[in-house]
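Single-letter residue listing:
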Amino acid sequence: GFSSQAENPQLSNLGIEASGTYTLYITDANGCESAVASTDVSVSELPATPVLNVSDQEVCENGQLLLTTQSYNNADVTYSWIMADNTIVETNSPTLLIEETNPVQHDGLITVMVTVNGCTSFEAVEVLVSIFETPMAPSIANSTSSLNPACEGEQVQLATSVITGATYTWFG
């Protein structure tokens, strides 16, 4: 058990077995003892470390990203989602839908931790998310003008700049 001669002892590195009643009596300089006083100490278990799931580890800028973890059955639960730029988004739900991703906040390591009844879990294993920047709007041209239109039956040349690795989708 616990005993201390300190005026204000500190209980450190507690486990749930430290829960219980702690009593104190004081002996003054004359050897006289006070009445006994007691206090109840309650120690709660840490919540299980959450597991982070992401809808996709590669997302285009402004795309959606869904973060999920397991549910904790308790009325007092806060999920703290830690973004790549270390901003924290808190929810009472085990899911977080990011409607529009951006490279500054979401590109990199993302994690989550949970607080249940005031006790905070360890962080989940981080997940690396890559946010790909949206390509710039293309500049396009064609071989006609208002002063030089194509005649029926002729060809028109459409053109844009080359982006390595890109696919092009024209429609009209």
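Each remark here, short or long, concerns the structure printed above.
The shown structure was predicted, so the numbers you read here are calculated from the model rather than taken from an experiment. (Residues numbered from 1 in each chain as written. Predicted model: local features only at pLDDT ≥ 70, side-chain atom pairs only at ≥ 80, totals over all residues. Heavy atoms only, no water.)

**Some points on the overall build of the protein chain**
Piece 1. Across its full length, the protein chain carries one helix and 13 strands.
Piece 2. In the protein chain, the succession of α and β elements from N to C terminus is β-β-β-β-β-β-β-β-α-β-β-β-β-β.
Piece 3. On the principal axes, the C-alpha backbone points of the protein chain span a range of 115 × 30 × 25 Å.
Piece 4. Counting every position in the protein chain, which comprises 172 residues, the buried fraction comes to 21%.
Piece 5. Counting contacts in the protein chain only where the partners sit at least 6 residues apart, residues at least 24 apart contribute 47% of the total.
Piece 6. By element, 51% of the accessible surface of the protein chain is carried by carbon and sulfur atoms, the whole surface being about 12700 Å². (Helix = DSSP H or I, 4+ residues; strand = E, 2+ residues; numbered from the N terminus. Buried < 20%, exposed > 50% of the residue type's maximum accessible area, 1.4 Å probe, protein only. Contact = heavy atoms within 4.5 Å. Areas by Shrake-Rupley, 256 points an atom, 1.4 Å probe, with all protein chains shown as cover.)

**Regarding the side chain of Thr101**
Piece 1. The residue Thr101 is located in the loop between β8 (95–98) and α1 (103–106) in this model.
Piece 2. Setting aside anything within four residues of it in sequence, one finds Thr101 in contact with Val59, Cys60, Glu61, Asn62, Gly63, Gln64, Leu65, His106 and Ile131.

**Considerations on the sheet that holds strand β3 (residues 53–54)**
Piece 1. Pairing is antiparallel in the open sheet, where three strands are placed in the order β3-β5-β8. Each edge of the open sheet is held by one strand with a lone partner, namely β3 and β8.
Piece 2. As judged from the four bridges shared by strand β5 (residues 65–68) and β8, these two strands associate in the antiparallel manner. By the bridge assignment, Leu65 is partnered in β8 with Ile98. (Pairing = 2+ DSSP bridges.)

**Topic: the packing of aromatic side chains**
Piece 1. The full count for this structure, using the stated rule, is three aromatic pairs.
Piece 2. Pairing Tyr72 with Tyr79 gives two aromatic rings, centres 6.1 Å apart and planes at 55°, and the pair type is tilted. One exposure class covers both Tyr72 and Tyr79, and it is buried.
Piece 3. Grouping aromatic residues by their ring pairs yields a cluster made of Tyr72, Tyr79 and Trp81. (Phe/Tyr/Trp six-rings, centres within 6.5 Å; stacked < 30°, edge-to-face > 60°.)

**A closer look at a nonpolar patch on the surface**
Piece 1. A cluster of nonpolar side chains, Ile140, Val156, Leu158, Val162, Ile163, Tyr168 and Trp170, forms an exposed patch at the surface whose accessible area comes to about 720 Å².
Piece 2. Of note, Val162 is situated in the segment after β13 (158–160). (Patch = residues over 30% accessible without salt bridge, like charges linked within 9 Å, V, L, I, M, F, W, Y side chains within 5 Å. Salt bridge = Lys/Arg side-chain N within 4 Å of Asp/Glu carboxyl O.)

By themselves, these are just geometric observations and shouldn't be taken as functional.
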